[in-house]
Amino acid sequence: MFEPHPEHILLTPGPTPIHPRAQQALIRPMLGHMDPEVFALNSEIQADLRVMYGTEPQAFTALLAGTGSLGMEAGFANLVEAGDEVLVCANGSFGSRMAEMAGRYGARVRLVTAPLGEAIRPQDVAAHLDGVNMVAVVHGETSTGVLNPVPEIAELVRGSGALLTVDAVTTAGMEPFHMAEWGVDYAYTGAQKCLSAPPGLAPIAVSERAFARFSARRTKVPLWYCDLEGLRDYWVDHTYHHTVPVNLHFAFHAALRAALEEGLVERQRRVALLGQAITQTLAPLGFSHYVERPQDRLPTVLALRLPDGFDDAGIRQALRRREISVTGGLGPTAGVIWRLGLMGESAHPAPYRALMVALEDLLGERGLAGRFDEAVHGVLV
Ligand SMILES: *Cc1c(COP(=O)(O)O)cnc(C)c1O
C-alpha cells in the first residue's frame, strides 16, 4: 500500500512543498465551476496575478488547467500562425522545449543559443530580429540554474514589433516581475514552483498588445482547450468553456495571497540570503557555483558543481532514504551538478538545515549544520 511519509523534505527545483494555507484550502467542500462564489474567487486570482506579473491594469490573466508546460504551449498555440518567424532563445532544456513546441504550431524557428551554464547574450538576439513575429525566452533556465537577461532582451524586442513570450516559471512569484514595464507580451508559470500550490494549474498573463494580435489571427487556434477566446468566455463573461479544477483554484488563491502578503521583494531577499548561506556552508567540501558569472545565476535554482569524486547517485539515494529529495543535473550536467530548489516553501532554513545534518552524517563531515546556522543567523528566521 502507498503510504507517504508525513515529513518528506522536498529540495527539488519543483514541485515545492505545498504552502500550509494552500493545504488547508484543499479540504474545502466542492463547489461548481459556474458558482458565483467561484467566479468571485477567480476574479481575485486574476487581480492578484496582475500584481504578481506586473501587468497593465486591463491585461488578461487566467489559470489554465494543466501544468507549466501547458502555459508554454498555449502561448505558441494562440500567438503563432503557421509560417511565422519565431526566435527562440535556447540555452537549456526548457528553451529547447519552447523551440519544439513553436515548430509544432508551424513556426519557422530561429535559435539563439549560449553555451550551457551561460546566459543568452542580448546582442545575439538583436542580430537575428529582422522579420521576426515572436521572440521566446526562458527567464530562469531550471536545467542549468541560469538567469537570462529578460529586461535587456525586452528592450531590444520592443522596438522590433515582435511579441515577447517569457517563461517565468522559476521567477514570477519569487521576485518582482515587471511585464508592462519591460514590455513582455505573454508570461506563464506553474502553480507548483514559486507559489508552492499543488501542480495542475498554469497561471498566464497576456498583454493588451498580444490580445489584439491574437484577435487579428487569420486562422483558428489549433488547440481548442486553451483558445484565448474560450478562456475569456469563462474568465470574463462567465459562460461555460470547460470544468475548471475548483479545488486547485482554492489552493492556488491561498498560496498566491500568501506570497503577495509576504511581498515579492521580501521573497527575493529570502532566496538570495539562503542561497548564499548554503553555498558558503558547502564550499569547504568542494562544492562551487556551476554558473561562472554572478549576474547569470538564477537565485531560485542553485546549481552547484559537485566536488571531485563525489558519489552523486549514492548520496542522493541515501538522502532519499532519510526522506530528503535532492535533484542532480540533467543530460550533460548529470553527475556534474546538484540543482537545489529555492522556490516557495523550500526556500526556508529548516529544510536546508535538515540537509546539512544528513550530509554531516553521510559524508562524516563535522560542523556542517553549525556552519549553516552561523551563515543564516541573524539574516533569516
Ligand atoms: C518546470 C518548468 C517548466 C514546465 O513545467 P511543468 O509544470 O513541469 O509542465 C517549464 N519551464 C521551466 C523553466 C520550468 O522550470
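Residues numbered from 1 in each chain as written. Predicted model: local features only at pLDDT ≥ 70, side-chain atom pairs only at ≥ 80, totals over all residues. Heavy atoms only, no water.

In this section: the packing of helix α3 (residues 68-79) against helix α4 (residues 93-104). Running from N to C, α3 and α4 cross one another at 40 degrees; their axes reach a closest spacing of 9 Å. For the element pair α3 / α4, the angle class is oblique. Of the two elements, α3 crosses α4, and the hand of that crossing is right-handed. Between α3 and α4, the residues in contact are S69, M72, E73 and F76 and F94, R97, M98, M101 and A102, respectively. Of the residues that constitute the contact of α3 with α4, the class distribution is 6 nonpolar, 1 polar and 2 charged. (Axes fitted to C-alpha atoms, helices over the stretch in contact; angles between N-to-C directions. Helix = DSSP H or I, 4+ residues; strand = E, 2+ residues; numbered from the N terminus. Parallel < 35°, antiparallel > 145°, perpendicular 65-115°, else oblique. Left-handed = near helix turned anticlockwise from the far one by under 90°. Contact = heavy atoms within 4.5 Å. Nonpolar A, V, L, I, M, F, W, Y, C, P; charged D, E, K, R; others polar.)

Turning our attention to the packing of helix α2 (residues 36-53) against helix α10 (residues 246-262). It is at 10 Å that the axes of α2 and α10 come closest, and there the two elements cross at 40 degrees. Taken together, α2 and α10 sit at an angle that is classed as oblique. Between α2 and α10 lies a crossing whose hand is left-handed. Residues V38, L41, N42, E44, I45, D48, L49, V51 and M52 of α2 form the contact with α10, whose participating residues are V246, H249, F250, F252, H253, L256, R257 and L260. The residue makeup of the contact of α2 with α10, split by class, is 11 nonpolar, 3 polar and 3 charged.

Looking at the ligand, there are 13 residues lining it, with T67, S69, T142, D167 and K193 nearest. Q192 is positioned such that a nitrogen or oxygen atom in its side chain is 2.7 Å from an oxygen atom of the ligand. Counting residues per element, the ones that place at least two in the shell around the ligand are α3 and α4. When its residues are assigned to classes, the shell around the ligand shows 3 nonpolar, 7 polar and 3 charged. (Near = heavy atom within 4 Å. Polar contact = N/O pair within 3.5 Å; in protein donor to acceptor, adjacent residues only side chain to side chain.)

Attention now moves to the packing of aromatic side chains. Evaluated as defined, the whole model comprises 10 aromatic pairs. Measuring from centroid to centroid gives 6.0 Å for Y186 and Y188, while their planes differ by 40 degrees, and the two rings are tilted. Take Y188: its relative accessible area is 1%, and that puts it in the buried class. Both rings, one in F287 and one in F310, keep their centres 5.4 Å apart while their planes meet at 70 degrees; by these two values the pair is edge-to-face. Of this pair, F287 sits in the loop between α11 (264-282) and β11 (288-289) while F310 sits in the loop between β12 (301-305) and α12 (312-321); the two residues are 23 residues apart in sequence, bridging distant segments of the chain. Pairwise contacts between aromatic rings join F39, Y234 and W235 into one cluster. (Phe/Tyr/Trp six-rings, centres within 6.5 Å; stacked < 30°, edge-to-face > 60°. Buried < 20%, exposed > 50% of the residue type's maximum accessible area, 1.4 Å probe, protein only.)

Once that is clear, we can look at the sheet that holds β12. Strands sit in the order β11-β12-β15-β14 across an open sheet of 4 strands; the sheet is antiparallel. The open sheet is flanked by β11 and β14 (327-328), the only strands paired with a single partner. Taken together, the 2 bridges between β11 and β12 define a ladder with antiparallel strand orientation. In the strand pairing of β12, H289 is matched with L304. Sheet strands in contact with α11 are β11, β12 and β15 (337-341), and its direction is about 15 degrees off that of β12. (Pairing = 2+ DSSP bridges.)

This next bit is on the side chain of S346. Structurally, S346 can be placed in the loop between β15 and α13 (349-362). Classification of S346 by relative accessible area gives buried; the value is 1%. Here S346 is in contact with L10, T16, P17, L274, G341, P351 and Y352, once residues within four sequence places are set aside.

Turning our eyes to something else, we now look at the domain arrangement of the chain. Taken domain by domain, the chain comprises domain 1 (9-13 + 263-380) and domain 2 (20-261). Using C-alpha coordinates to define each centre, domain 1 is positioned 28 Å away from domain 2. The partner domain 2 presents 29 residues to the 29 residues of domain 1 that form the contact. A combined buried area of about 2100 Å² lies between domain 1 and domain 2, and 63% of that area is made up of carbon and sulfur atoms. Three residues stand out in domain 1 for area buried against domain 2, namely L264, R267 and L298, and they jointly supply 28% of the buried area on that side. At the surface where domain 1 touches domain 2, the tally comes to 0 salt bridges. Our count for the contact surface shared by domain 1 and domain 2 stands at 11 residue pairs in polar contact (both at pLDDT 80 or more). Only α11, β12 and β15 provide two or more residues apiece to the side of domain 1 that touches domain 2. Broken down by element, the residue count for the side of domain 1 that touches domain 2 peaks at 6 residues, all from α11. Residue composition of the side of domain 1 that touches domain 2, grouped by class: 16 nonpolar, 6 polar and 7 charged. (Domains from an automatic or database assignment. Buried area = accessible area lost by both parts, 1.4 Å probe. Salt bridge = Lys/Arg side-chain N within 4 Å of Asp/Glu carboxyl O.)

A few words on the nonpolar core. Residues Y53, F76, V135 and F252 are the most contacted members of the largest nonpolar core, which totals 86 residues. At 9 residues, the largest contribution of residues to this core is made by α10. Not counting residues up to four positions away in its chain, the partners in contact with F252 are I45, L49, L63, A191, L195, A197, L201 and P203. Ranked by size, the runner-up nonpolar core spans 36 residues in total, among them M174, L306, I315 and A347. (Core = buried A, V, L, I, M, F, W, Y, C linked by side-chain atoms within 4.5 Å.)

The next subject is the sheet that holds strand β2 (residues 60-64). Spatially, the 7 strands line up as an open sheet ordered β2-β10-β9-β8-β5-β3-β4, and their pairing is mixed. Across the chains shown, the open sheet's two edge strands, defined by having one partner strand only, are β2 and β4 (108-113). Between one strand axis and the next, the sheet turns by 15 degrees as a mean value, whatever way the strands run.

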